[in-house]
Each structure stands twice: as structure tokens, then as C-alpha cells.
Amino acid sequence: MPKISILKLSTNMKKQNLMIICSLLAIASCKADVTDNTPPVKEPETNNTAPVETNRPNSTYTPAFQGQTRVSGVKTVTAYEGTILTSTLRSPWGITNLPDGRLLITEKAGTMRIATATGQLTEPITGILAVNPSGQGGLLGLCIDPQFSTNRMIYWVFSENVSGGTVTAVAKGRLSNNEASIDNATVIYRANPAANSNAHYGGRILFDQTGNLIVSAGERANNNTRVFAQSVTAGLGKIVRITTTGTPASGNPTFSQAGAFPELYSMGHRNPQGIAIHPVTKELWQSEHGPRGGDEINRVQPGANYGWPTITYGLEYSGQPVLTGTQQQTGLEQPVYYWDPVISPSGITFYSGNRVPEWQNNLFIGSLSGMHIARLVIENNKVTGEERLLVGESQRFRDITQGLDGALYAITDGGRLYRIDKK
């Protein structure tokens, strides 16, 4: 039997090992090539840009914290569109969902209409209490009872003529079975005192998680009425929480000043035209008109004072400071976000749908003078991004809500109803 040298055997083994290693490297290289040539799947994301506001502010005030104003802009990546469903509404002011997916809409002059998902409108609903439609008054915000399917009750806010001027009033009534009228309409609450003014009514209303009503009331704009925003013995410049019969709701906060109205929930507001409940935290958020600058978004805490007119990031329309020109004071709450110059924020809603994933839990705000819908990205109760939607429509967006189908629906002073949704 021939002898095999140890050196030759070792050399053969090295050659075999080298061939195995080369084969493995080739396989690995092929796998790497396949992986490199396959683009990774990305979820839709939001791109940060420069702040959306490019105009100079009216004031030189310094924000209390980073991100309180002019935060970085964002852009929706998911393709979406705003579709006009109708243009024949008459100065619509409030919008809410009916259980079957149709939309109930108030018109400023004192009528309500029902709109289908395609924009078909009913005739005006009769039986609504008379409103004073002058100036900023009229038939304002509305909501339906959580038990609407069985009791058909509707609640709304309006400007009511009373002795001494007008008030922000809350009424309720039953929508008739044929949807042609409101039956047994009655006033359940008035934000006193009355004022000789046709401005700053506030005017939004919604149900909270306990089945009570949250209502926003403005301070009525005059120099002699704005001070009531800091008075606990007046309903002006307040968020109030009442029952469906108009009495103060159980569990309302206690204010330290003597004689405080028991319906008060928060104070120090100027003209709060938007309220909404966060879908996750269940906290109340609010939009508020400032004067010349100083529009606000607030996270409303029970018993808190939001400062108007003692503190503000706005100026008088004359350009002079408001009172002492103070922006921060111990015991008075800072806005989560503010605008200068103003966008005139009106109705607001949180998005809880899934059709546009990047909008989840974002706050959408109808903008009047800004003529757009503002989208605010909120993380840990701070605004981290802002976007302006439907800018090219040149419309004063008065109110916005999420429909039962997951789309957003917005109304404009010009009479339009929009559906805003993924393409």
C-alpha cells in the first residue's frame, strides 16, 4: 500500500477548505445582492420643514417655552383630497354627526339642515328659537344627545335677545320623526350678564364622558365686559359644565373667590370658538381668538385660569399692549400653542381614524382669516408640527368634525361642505 505523505494530505485539506469558504462567500454575496436590490418598505411619514408662518409677528413677545409658537412645519405624505359636496349652505356655523352617518348643520341666520354623504340637503328645519344674527351672533354650535337614537334630542348654542342686550344661550329640543322641525325647544342656560355687543359669543357645545354638557362662552368683546373673564360671578369668558337640564354638573371644580358660579369649569377666555376631547387622554382642548396676535390652543384643566385679559401674546387692535402687556403670571395658565399674526381659529376636532395614519390623534382647526385648515401634531401635550391644508380653496373654515366613515368634514362661511379624506 502506497504511503501518503503528511504534507500532501495537509495540502489537499487546505484546498478543500478554501473551496468551501469560497462557495460560502459566493452564496453570501448573492444574498447580499438580492437584499441590496430590494427597497425597504416604509410606512408613510411626515417630513419636517420650516415653520408654515412666514409673516412677521405683530409683537416682539418671547414665548414661554420652545415650540409654543411657529413650530416646524410638517407635510402629509399620504395622498389626500378635499372634495366639495355642496356650496349652497347659508353661512353654516356648526356641524355634527347623526347616528346614520348624515351630518346635522346649523346656519347662522337660524336654521338647521341635514346633509347626506353626497351633499344633498334637506329643507330648513323649523321650530328653532329666534336668534340675533347680527355681527358674530346667530345659530352657533350644536351636538346631539348620546341617546339620540331613542330620544332624538339636540342641543345648540345661539345669541339670544334679552333685557339689556344679548347673551350666549343654550337650548335643547327634539327633532321630529319626519326631521322637519324641532319640537318643544327651550332655553336651558344663559351666560350672564347680558351685553350690548354682537361679538365674542364663543358658541361651541359637546358632551363629556360623564354625559354632561361642555359649553364655551366669550367675554363679549367690549372693554367693560372683557373684565368678566376674570370674574367668577359671571358666565362671560368661561367654559361651563352643565347637565342636560341646564343646572351645574356634579363634580365641577371649586374656585377660591367668593360667590363663584357653580357651573364654571375654567375661566380667563376671550372668544373660545372651538372645543374637542382628546381621543386618548379624554382631556378637553380649546381654540381661542386673540386680538391682534395671540390666538391660542389650550388644554383645559378644571378650575384653571387662562389669563385673558391679564396675560396675552396679542396686542390691542390699535397696536398698543393689552393692559400692562404681560405674557406670563403665576397662577395663570400658558397656552399650549399660539399664533401671531392670527389665523382666527374656530371649530376643532381630533382625528381618530385610520385612513390617513399620520393624522392619528392630530388636532384639526378651522381657520377663518387664515383661510385654511390647520393641522397640529401633538406629542406629550406639546405641539411638534404644523401643517396648513386646503390653502388654495380661499375659504373661511368655520367648523370641522370627523364623520362616522372616518373622513373629515368641514364647513365654510361661503356655504361649502367639504369631505377631506385619503385619495
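For the structure, check the block above.
All of the points below concern the structure found in this document. This structure is a prediction, so every number in the text was calculated from the model and none was measured.

The rules behind these values
Residues numbered from 1 in each chain as written. Predicted model: local features only at pLDDT ≥ 70, side-chain atom pairs only at ≥ 80, totals over all residues. Heavy atoms only, no water. Pairing = 2+ DSSP bridges. Helix = DSSP H or I, 4+ residues; strand = E, 2+ residues; numbered from the N terminus. Axes fitted to C-alpha atoms, helices over the stretch in contact; angles between N-to-C directions. 1 Å grid on protein atoms, 1.4 Å probe; cavity = no way out; pocket = protein on both sides within 12 Å on 5 of 7 lines; lining within 4 Å. Points joined across faces, edges and corners; volume = space filled by probe spheres on them. Phe/Tyr/Trp six-rings, centres within 6.5 Å; stacked < 30°, edge-to-face > 60°. Lys NZ or Arg CZ within 6 Å of the ring centre and 35° of its normal. Salt bridge = Lys/Arg side-chain N within 4 Å of Asp/Glu carboxyl O. Contact = heavy atoms within 4.5 Å. Core = buried A, V, L, I, M, F, W, Y, C linked by side-chain atoms within 4.5 Å. Buried < 20%, exposed > 50% of the residue type's maximum accessible area, 1.4 Å probe, protein only.

## Side note on the sheet that holds strand β4 (residues 92–97)
Pairing between sheet strands relies on hydrogen bonds along the backbone, with the strands arranged either parallel or antiparallel. Reading across the sheet, the three strands line up as β4-β5-β6 and stay open at both edges, with antiparallel pairing between neighbours. Taken across any chain shown, the strands that pair with only one partner, and hence form the sheet edges, are β4 and β6 (111–115). Sheet twist, expressed as the mean angle between neighbouring strand axes with direction ignored, is 25°. In the sheet, strand β5 (residues 103–107) pairs with β6 via five bridges, with the strands oriented antiparallel. From the neighbouring strand, Leu-103 faces β6, where its bridge partner is Ala-115.

## Some thoughts on empty space enclosed by the protein
Tallied over the full model, the rule gives one cavity of 30 Å³ or more. Taken as a whole, the largest cavity spans an internal volume of roughly 40 Å³. Considering the residues around the largest cavity, the lining is formed by Glu-296, Tyr-306, Ile-311, Thr-312, Tyr-313, Gln-327, Glu-333 and Pro-335.

## Section: the layout of surface pockets
Taken as a whole, the largest pocket encloses approximately 990 Å³ of empty space. Lining of the largest pocket is provided by 36 residues; of these, Thr-96, Asn-97, Leu-206, Thr-349 and Thr-401 occupy positions nearest its centre. At the level of elements, β4, β7 (139–144), β11 (205–207), β15 (271–277), β19 (345–350) and β23 (397–402) are the ones that each hand at least two residues to the lining of the largest pocket.

## Observations regarding the sheet that holds β11
Spatial strand order, β11-β12-β13-β14: four strands in an open sheet with antiparallel pairing. Edge strands, defined here as strands with exactly one partner in the open sheet, are β11 and β14 (264–267). Each strand axis lies, on average, 20° off the axis of its neighbour in the sheet, ignoring direction. Pairing between strand β12 (residues 213–217) and strand β13 (residues 238–242): five bridges, direction antiparallel. Within β13, the residue paired with Ser-216 across the bridge is Ile-239.

## Quick notes on the packing of aromatic side chains
Considering all chains together, one arrives at nine aromatic pairs under this definition. Ring geometry for Tyr-351 against Trp-359: centres 5.6 Å apart, planes inclined by 90°, an arrangement best described as edge-to-face. A network of ring pairs unites the aromatic residues Tyr-80, Tyr-351, Trp-359 and Phe-364 as a single cluster. Its guanidinium or amino end placed over the ring of Trp-308, Arg-270 lies 5.2 Å from that ring's centre, counting from NZ or CZ.

## Focus on the pattern of salt bridges
Within the structure shown, the criterion is met by 16 salt bridges. The salt bridge involving Asp-421 is made with Arg-355; its shortest N-O contact spans 2.7 Å. You can see Asp-421 sitting in strand β25 (residues 417–422) and its partner Arg-355 sitting in the loop between β19 and β20 (363–367), a full 66 residues away along the chain. Here Arg-398 ties to Asp-413 by a salt bridge, and the two come within 2.9 Å at their closest N and O atoms. Note that Arg-398 is positioned in strand β23 and Asp-413 in the loop between β24 (408–412) and β25, a separation of 15 residues in sequence.

## Some thoughts on the environment of Lys-422
Residue position: Lys-422 is located in strand β25. Taking the C-alpha atoms as reference points, Lys-422 and Ala-79, separated by 343 residues in sequence, lie 5.9 Å from one another. Leave out the neighbours within four places in its chain, and Lys-422 touches Thr-78, Ala-79, Tyr-80, Arg-355 and Val-356.

## Observations concerning the environment of Leu-315
Positionally, Leu-315 belongs in the loop between β17 (295–300) and β18 (337–339). Along the backbone, Leu-315 and Asn-58 are 257 residues apart, and their C-alpha atoms lie at a distance of 7.5 Å. With residues near it in sequence (within four places) discarded, Leu-315 still touches Asn-58, Ser-59, Tyr-61, Pro-291, Arg-292, Gln-320, Pro-321 and Val-322.

## With respect to the nonpolar core
Tyr-155, Val-170, Ile-188, Tyr-189, Ile-205, Leu-213 and Val-215 are the most contacted members of the largest nonpolar core, which has 22 residues in total. Of all the secondary-structure elements, those providing two or more residues to this core are β7, β8 (153–162), β10 (182–195), β11, β12, β13 and β14. For Tyr-189, the residues in contact, after removing those within four places along its chain, are Thr-168, Ala-169, Val-170, Gly-235, Val-240, Ile-242, Gly-246 and Glu-263. Counting residues in each nonpolar core, the second largest holds 19 residues, with Leu-98, Ile-114, Leu-139 and Ile-144 among its members.

## A few points about unusual backbone geometry
Of the consecutive residues Trp-308 and Pro-309, the connecting peptide bond is found in the cis state with omega at -5°. Here Asp-340 and Pro-341 are connected by a cis peptide whose omega angle stands at 5°. Summarising the element assignment, Pro-341 is placed in the loop between β18 and β19. Phi is positive for Leu-323, close to 50°, though the residue is something other than glycine. When its relative accessible area of 56% is taken as the criterion, Leu-323 is described as exposed. Despite not being glycine, Met-371 shows a phi value in the positive range, around 55°. With respect to the helices and strands, Met-371 occurs in the loop between β20 and β21 (372–379).

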